[in-house]
Amino acid sequence: MLIRHPSDILPSEITPQSVFLNRRQFMLAGTSALLLTGEAMAGLNAKPSALSAKESPNSLKQITSYNNYYEFGTDKGDPALYAGQLKTKPWQIVVNGEVGQSRTYSIDDLLKVAALEERIYRLRCVEGWSMVIPWVGIPLASVLKQVSPTSKGKFVAFETLNDPKQMPGQRSRVLEWPYREGLRIDEAMHPLTILAVGLYGEVLPNQNGAPVRLVVPWKYGFKSIKSVVGIRLQEQQPTTSWQQSAPNEYGFYSNVNPDVPHPRWSQAKERRIGEFLKRDTLPFNGYGPQVAAMYQGMDLRKFF
């Protein structure tokens, strides 16, 4: 497979907003009955969200062929090549720790927690590229409320599947497996934070983190852990995979900040996949009005 550099992808390959909106309405109309469950689950009946970005999404081809998912390899095209072997049914997500009652969710259980919403979000990679992606998911807060976090549940730790037979990238030592991430409880409960189960109105492709992934749009993309199997509330700040691997490069918070460069990549500008010219990077990836108050008084250079 020929993998192209983002700058080689033509603007004409991005789905125009009018085409996408028409396609979305068609899919919503076609799936207005009940959600299908099991292996046959196809279209997702998701309502558009007022929290969506007012931008045209990247094309499905771009979103599903240019990915960072080291469990399947370190090249951008590896996830599309190798993730198809991942079995996403049955699947369980254990939610436990500092909670009133631990719970284990199947994907079908998760779909019943809250109404599915379409969230068109900007995604900013720490490598300096970006996309706009039409996720389908539910607020993470709706799941956490069901388990009743205790006063000691100050942080939320996430863990992905650890199965080298299905995930050949886990046979390498590029990271300590399983992949781990974390949020502060207020970040996890924020309305913008979602668990995504779909993309472009359909079930989430394996290379994009099927069957369920975290999406935190004001943070760099590596915070949005894929193929989640564990969610644990705890009193202490969890150690994350990239923070453990390179603590001088990856902090716990990982908020998009154009004023704090990564040792290898300036964060001042970004290249939107499908565009030739770079654009200015926005603080908090453009979500500052919604989330900046959570970090009031914090030194964002120290707590990067």
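Notes on the structure in this doc start here. Since the structure is predicted, the reported quantities are computational estimates derived from the model, not experimental observations.

### Describing the overall build of the protein chain
Phase 1: In terms of regular secondary structure, the protein chain is built from eight helices and 13 strands.
Phase 2: Contacts in the protein chain between residues at least 24 apart in sequence constitute 72% of all its contacts with a sequence separation of at least 6.
Phase 3: Carbon and sulfur atoms form 53% of the exposed surface of the protein chain, whose accessible area is close to 13,600 Å².

### Concerning helix H5 (residues 140-147)
Phase 1: Across the eight residues of H5, six count as buried, placing the element largely inside the fold.
Phase 2: Within H5, burial applies to Leu140, Ala141, Ser142, Val143, Leu144 and Val147.
Phase 3: Among the residues trailing H5, Ser148 stands out with phi positive, at a value near 55°.

### A word on the pairing of strand S8 (residues 194-199)
Consecutive side chains along a regular strand alternate between the two faces of the sheet.
Phase 1: Within S8, six of the six residues are buried, which leaves the element mostly enclosed by the surrounding structure.
Phase 2: In terms of strand pairing, strand S5 (residues 129-139) meets S8 through five bridges, oriented antiparallel. Paired with Gly137 across the bridge in S8 is Ala196.
Phase 3: Strand direction decides the pairing type here: S8 and strand S10 (residues 213-215), joined by three bridges, are antiparallel. Counterpart to Leu195 in the pairing with S10 is Leu214.
Phase 4: As judged from the two bridges shared by S8 and strand S9 (residues 202-203), these two strands associate in the antiparallel manner. Within S9, the position partnered with Leu199 by the bridge is Glu202.
Phase 5: Taken together, S8 and the strand that follows it, S9, pair antiparallel across an intervening segment of two residues, in which Tyr200 is found at a positive phi of about 55°.

### Regarding unusual backbone geometry
Phase 1: Put simply, Trp177 and Pro178 share a cis peptide bond, and its omega is 0°.
Phase 2: Each neighbour pair has its own omega, and for Ala210 with Pro211 the value is 0°, a cis peptide bond.
Phase 3: Looking at the secondary structure, you find Pro211 in the loop between S9 and S10.
Phase 4: Despite not being glycine, Asn285 shows a phi value in the positive range, around 60°.
Phase 5: Mapped onto the fold, Asn285 is located in the loop between strand S13 (279-280) and helix H8 (288-291).
Phase 6: Residue Asn285 is classed as buried on the basis of its relative accessible area, which comes to 3%.

### Section: the environment of Thr88
Phase 1: You can see Thr88 is positioned in the loop between helix H3 (78-82) and strand S2 (92-97).
Phase 2: Spatially, the C-alpha atom of Thr88 lies 5.7 Å from that of Pro211, the residues being 123 residues apart in sequence.
Phase 3: Not counting residues within four places of it along the chain, the set of residues in contact with Thr88 comprises Asn206, Ala210 and Pro211.

### What about the nonpolar core?
Side chains of nonpolar character tend, in soluble globular proteins, to be buried together.
Phase 1: By size, the foremost hydrophobic cluster in this structure holds 76 residues, and its most contacted members are Ile93, Leu110, Leu195, Val212, Trp218 and Ile231.
Phase 2: Apart from residues lying up to four places away in sequence, Trp218 is in contact with Glu187, His190, Leu192, Thr193, Asn255, Val256, Phe284, Asn285, Tyr287, Val291, Met294 and Tyr295.

### Some points on the side chain of Thr64
Phase 1: Locating Thr64 in the fold gives a position in helix H2 (residues 60-65).
Phase 2: Under the relative-accessibility criterion, Thr64 is labelled buried at 15%.
Phase 3: Discounting residues that sit within four places of it in the chain, Thr64 has contacts with Ala80, Leu199, Pro205, Gln207 and Asn208.

### Here's the deal with the environment of Ser151
Phase 1: Looking at where Ser151 falls in the secondary structure, it is placed in the loop between H5 and strand S6 (155-160).
Phase 2: In this structure Ser151 comes out as exposed when scored by relative accessible area, which is 69%.
Phase 3: It is 8.5 Å that separates the C-alpha atoms of Ser151 and Glu235, two residues lying 84 residues apart in sequence.

### Focus on the packing of aromatic side chains
Phase 1: Tallying each qualifying case throughout the model produces 11 aromatic pairs.
Phase 2: Taking the centre distance of 4.9 Å and the plane angle of 80° together, the rings of Tyr69 and Phe72 count as edge-to-face. Here the two residues Tyr69 and Phe72 agree in accessibility, since each one is buried.
Phase 3: A centroid spacing of 5.9 Å and a plane angle of 80° characterise the contact between Tyr121 and Tyr287, whose relative ring orientation is edge-to-face. Of this pair, Tyr121 sits in strand S4 (residues 117-124) while Tyr287 sits in the loop between S13 and H8, placing them 166 residues apart in sequence. Grouping residues by exposure puts Tyr121 and Tyr287 together as buried.
Phase 4: Through a chain of ring-to-ring contacts, the aromatic side chains of Phe155, Phe252, Tyr253, Phe284, Tyr295 and Phe303 assemble into a single cluster.
Phase 5: Cation over ring: Lys223 sits above Phe252, and NZ or CZ is 4.4 Å from the ring centre.

What counts as what
Residues numbered from 1 in each chain as written. Predicted model: local features only at pLDDT ≥ 70, side-chain atom pairs only at ≥ 80, totals over all residues. Heavy atoms only, no water. Helix = DSSP H or I, 4+ residues; strand = E, 2+ residues; numbered from the N terminus. Contact = heavy atoms within 4.5 Å. Areas by Shrake-Rupley, 256 points an atom, 1.4 Å probe, with all protein chains shown as cover. Buried < 20%, exposed > 50% of the residue type's maximum accessible area, 1.4 Å probe, protein only. Pairing = 2+ DSSP bridges. Core = buried A, V, L, I, M, F, W, Y, C linked by side-chain atoms within 4.5 Å. Phe/Tyr/Trp six-rings, centres within 6.5 Å; stacked < 30°, edge-to-face > 60°. Lys NZ or Arg CZ within 6 Å of the ring centre and 35° of its normal.

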